[in-house]
Every structure is written in structure tokens, then in C-alpha cells.
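# Structure assessment
Given next are the chains, with one letter for each unit.
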Amino acid sequence: QVQLVESGGGLAQAGGSLRLSCAPSGRTFSSYAMGWFRQAPGKEREFAAAITWNGANTFYADSVKGRFTISRDNAKNTVYLQMNSLKPEDSAVYYCARSNLVSMEPRMWSSWGQGTQVTVSS
């Protein structure tokens with residue numbers, strides 16, 4: 001069973017930046033689409049960003065477009081989420097996920113990490 005391990009969360013001030021990393025186990029990392037989702041307290045898990053298996057296409061939620069950048073390094077088995085111009089409403093637990101195809105629906109993603117907390121202060 002694949003394990004996804006997120007890192008890089010923490011506390012940032014509004015307008016600041018954080019970079020999340022996700023390192024899935026297994027040799028088939030490069031065959032899968034990877035995504036980032038987030039969940040704030042009392043809210044449903046929501047799509048943030050995704051990238052196709054070869055990095056050729058990226059997708060973003062409207063709420064993060066222009067501020068977040070998803071990327072991957074298949075040689076390092078790592079996917080990143082660079083978060084700039086952070087806002088307090090970006091505060092949430094961020095989850096890395098893996099799937100055969102990109103989807104904005106969390107239920108379509110088969111493997112999940114444990115999540116990393118991001119807190120943005122105003």
C-alpha cells in the first residue's frame with residue numbers, strides 16, 4: 001500500500017509563503033496524477049491543485065489560482081505546493097493525494113497522506 005508523507009506546513013503571516021512537499025513511497029510515483037486538497041475545521045475537504053503524471057498539465061481551484069503553484073520532480077519522487085500571498089482563509093490541513101486521473105472530487109483519489117497543518121495569521 002502506498003504511503004504519502006506531507007511536510008512543510010506551519011505558521012505563516014498573511015502575505016507570506018510556505019512550500020509543502022509530498023513524498024509517496026513506491027516506484028510508480030511517475031505514473032500517477034498527484035493532487036493537493038485542504039480541509040478547514042467544520043468544512044468539507046476541497047480541491048486545491050493537481051498535476052498530471054508527467055507534469056504537463058496543472059489544475060487549480062479558483063481560490064488559489066495565481067497564488068499557488070503545484071510541481072513535481074519524478075526523479076526525486078516528490079510533489080510540491082508553493083503557496084504565496086497566503087491569506088487567513090488558506091488555513092487548513094493540507095492533504096497530498098494520488099490518483100490515476102485528475103479530478104476535483106476527493107472521492108476519486110485513491111491514496112491520501114495524513115495531512116499537514118497550515119495556519120495563516122492576519
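Scroll up a little and you will see the structure.
All values reported here derive from a predicted model rather than from experimental measurement. (Residues numbered from 1 in each chain as written. Predicted model: local features only at pLDDT ≥ 70, side-chain atom pairs only at ≥ 80, totals over all residues. Heavy atoms only, no water.)

## Quick notes on the pattern of salt bridges
When charged atoms on two side chains of opposite charge get close, those side chains can pair. Under the counting rule described, the total for this entry stands at four salt bridges. Between arginine 38 and glutamate 46 there is a salt bridge; the shortest N-O distance is 2.7 Å. Given the relative accessible area of 6%, arginine 38 is considered buried. Between aspartate 90 and arginine 67 there is a salt bridge; the shortest N-O distance is 2.7 Å. In this pair, aspartate 90 is assigned in the loop between strand 8 (78-83) and strand 9 (92-99) and arginine 67 in the loop between strand 6 (58-60) and strand 7 (68-73), connecting sequence segments 23 residues apart. For the pair formed by aspartate 90 and arginine 67, the shared burial category is buried. Through salt bridges that share partners, Arg38, Glu46, Arg67 and Asp90 make up one connected network. (Salt bridge = Lys/Arg side-chain N within 4 Å of Asp/Glu carboxyl O. Buried < 20%, exposed > 50% of the residue type's maximum accessible area, 1.4 Å probe, protein only. Helix = DSSP H or I, 4+ residues; strand = E, 2+ residues; numbered from the N terminus.)

## Re the side chain of aspartate 90
On the basis of relative accessible area, aspartate 90 is assigned to the buried category, the value being 1%. When neighbours within four sequence positions are excluded, aspartate 90 is seen to be in contact with Arg38, Arg67, Phe68, Ser85, Val118 and Val120. (Contact = heavy atoms within 4.5 Å.)

## As for the sheet that holds strand 7
Ordered in space as 1-3-8-7, the four strands form an open sheet in which the pairing is antiparallel. With one partner strand each, in any of the chains shown, strand 1 (4-7) and strand 7 form the two edges of the open sheet. Each strand axis lies, on average, 15° off the axis of its neighbour in the sheet, ignoring direction. (Pairing = 2+ DSSP bridges. Axes fitted to C-alpha atoms, helices over the stretch in contact; angles between N-to-C directions.)

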